[in-house]
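Residue-level listing of the chains:
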Amino acid sequence: MNKVQRFSKVDGLTFQKVFEARKRVYQIVKPTPFFHSIPLSERSSSQAYLKLENYHEIGAFKVRGAANKILKLSTEEKKRGVATFSTGNHGLAVAYVAKKLGINATVCISRRVPKAKVDAISRAGAHIEVVGDSQDDAGEFCYELEQKHGLTVIKPFDDPDIVTGQGTIGLEMTEEVPDLEAVVIPLSGGGLFAGVALALKSYNPDIQVFGVSMERSPVMYESIKAGKPVVLEEQPTLADSLLGGIGLDNQYTFESVKQYADDLILVSEEEIAEAMGFVADEHRMIVEGAAATGVAAILQKKLKSEFAKVGTIITGNNVDLSVISKVIQEYEYKLQK
């Protein structure tokens, strides 16, 4: 532990705040398993481990950041209610935490959000507003609600409380497998990446951290290439949870990815589908496309080096039944060929 670096170069993000977030988050959620995947290890050059964030009650990691943020609100803010914008899982997380705490929640989503996620948000008791064709469209409407009704906006990723809440995943990973050499993290707006990388690199500065996105509309990937946040039109993808902009005024996650990413990886739709089928076949788990991107990167040997122990995060399982059924059928067909 003498190697621990307690402060990030990004203002407002510290290793200490991740520890503080854990005490808060555990009021709502429990730690998730981090297990050795023998099938994935056999297909790669590493001992591979899967962090099962699909084991949360809402089936997604986003509950950690949402819990950390909402639990810190003042009594007056809680009375006025909260609002958020999301590609699905963050909205579900906000709705779930708000219901637990007796807070009114409004979730703004675009028409691209899959039915399974819309239905889950509705069951959690939130009011849903469907606006436009992108997360950015939903975000604009969400901030209008803030101005009109005084609701507190719970950002999906670019917020220190969201980032450090997600960082609790990294703490659990280092405690379970302290000699990890590399971790592959699904990358979208960067809240998950920023938090987990902060925890991992603070514990062990030598660990390699990779961000993985889909080839279709990988906004953070293209932003890092451009040296500034950019806007991309959203395209249909199995990894729909990774869609959405990072905000042209991004304050935290863009710089965190620049600071911590040892490499950024893209995976194709075919590679994502194969990874979803692989997890279903080998581990009898249904996972959404975004959750399979790390597995896809390991299966396809896209990491720039070989590592003795590598981990990735199964971020969620909120996928339409029709989508996963088609993916599994195609995977089985390929196995039979």
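In this text, all values refer to a predicted model and were calculated from it rather than measured experimentally.

Scanning the chain from terminus to terminus reveals 15 helices and 10 strands. The C-alpha radius of gyration computed for the chain amounts to 18 Å, which stays within 12% of the reference 20 Å derived for 337 residues, consistent with globular compactness. Seen through its C-alpha atoms, the chain measures out along the principal axes to roughly 55 × 50 × 40 Å. The buried share among the 337 residues of the chain stands at 61%. Contacts in the chain between residues far apart in sequence, at least 24 positions, make up 74% of those at least 6 positions apart. By element, 47% of the accessible surface of the chain is carried by carbon and sulfur atoms, the whole surface being about 14000 Å². Of note, the chain has its 39 positive side-chain charges centred 4 Å away from the centre of its 44 negative side-chain charges.

Turning our attention to the nonpolar core. Formed by 38 residues in total, the largest nonpolar core has its most connected members in Leu 40, Val 184, Val 295 and Leu 303. Within the residue set of this core, elements represented by two or more residues are strand E2 (47-52), strand E7 (182-186), strand E8 (208-214), strand E9 (263-267), helix H13 (269-283), helix H14 (289-299), strand E10 (309-314) and helix H15 (321-336). Counting residues per element, this core draws most heavily on H14, at 8 residues. Those residues in contact with Leu 303 that sit more than four places away from it in its chain are Val 184, Phe 210, Ile 265, Ala 297, Ile 298 and Val 310.

Here we take up the UniProt feature "domain: Tryptophan synthase beta chain-like PALP" (unreviewed entry) in the chain. As annotated by UniProt and renumbered to match this structure, "domain: Tryptophan synthase beta chain-like PALP" (unreviewed entry) occupies residues 27-316. Annotation note: span residues 27-316, helix share 44%, strand share 17%, distance between end C-alpha atoms 20 Å.

Our next topic: the sheet that holds E8. If you walk across this open sheet you meet the 6 strands as E1-E2-E10-E7-E8-E9, and the pairing is mixed. At either end of the open sheet lies a strand with only one pairing partner, and these are strand E1 (34-36) and E9. With strand direction ignored, the average angle separating the axes of adjacent strands in the sheet is 25 degrees. Pairing geometry for E7 and E10, over 3 bridges, is parallel. Opposite Val 184, over in E10, you have Thr 312 as the bridge partner. Here H14 sits on the sheet and contacts E2, E7, E8, E9 and E10; the angle it forms with E10, its principal contact strand, is near 160 degrees.

The rules behind the values
- Residue numbers here run from 1 along each chain, matching the order of that chain's written sequence.
- With the structure being a predicted model, the display of local features is reserved for residues of pLDDT at least 70 and the display and counting of side-chain atom pairs for 80 or more, all residues being used for whole-chain, interface and lining totals.
- As a rule here, side-chain values cover all heavy atoms of the structure and leave hydrogens and water aside.
- The numbering of helices and of strands both runs from the N terminus, where a helix is a DSSP run of H or I of at least 4 residues and a strand a run of E of at least 2.
- Computation of the radius of gyration draws on C-alpha atoms alone. For the globule rule, the value is 2.2 Å times the number of residues to the power 0.38.
- Remark: exposure states derive from per-residue accessible area (1.4 Å probe, protein chains only) relative to the maximum for the residue type, with buried under 20%, exposed over 50%, and partly exposed in between.
- We call two residues in contact whenever any of their non-hydrogen atoms come within 4.5 Å of each other.
- In these tables, accessible area is a Shrake-Rupley quantity obtained with a 1.4 Å probe, and a residue counts as shielded only by the protein chains included in the view.
- We count Lys and Arg on the positive side and Asp and Glu on the negative side, and we leave His and both chain ends out.
- A single reference atom marks each charge: NZ on Lys, CZ on Arg, CG on Asp, CD on Glu.
- Only buried residues count toward a nonpolar core. Its members are Ala, Val, Leu, Ile, Met, Phe, Trp, Tyr and Cys residues joined through side-chain atoms within 4.5 Å.
- UniProt positions are given in the numbering used here, feature names are shortened, and annotations may be inferred rather than shown by experiment.
- Paired strands, in this sense, are two strands between which DSSP finds at least two bridges.
- What counts as an axis is a line fitted to C-alpha atoms, over the stretch in contact for a helix, and the angles between N-to-C directions run from 0 to 180 degrees.

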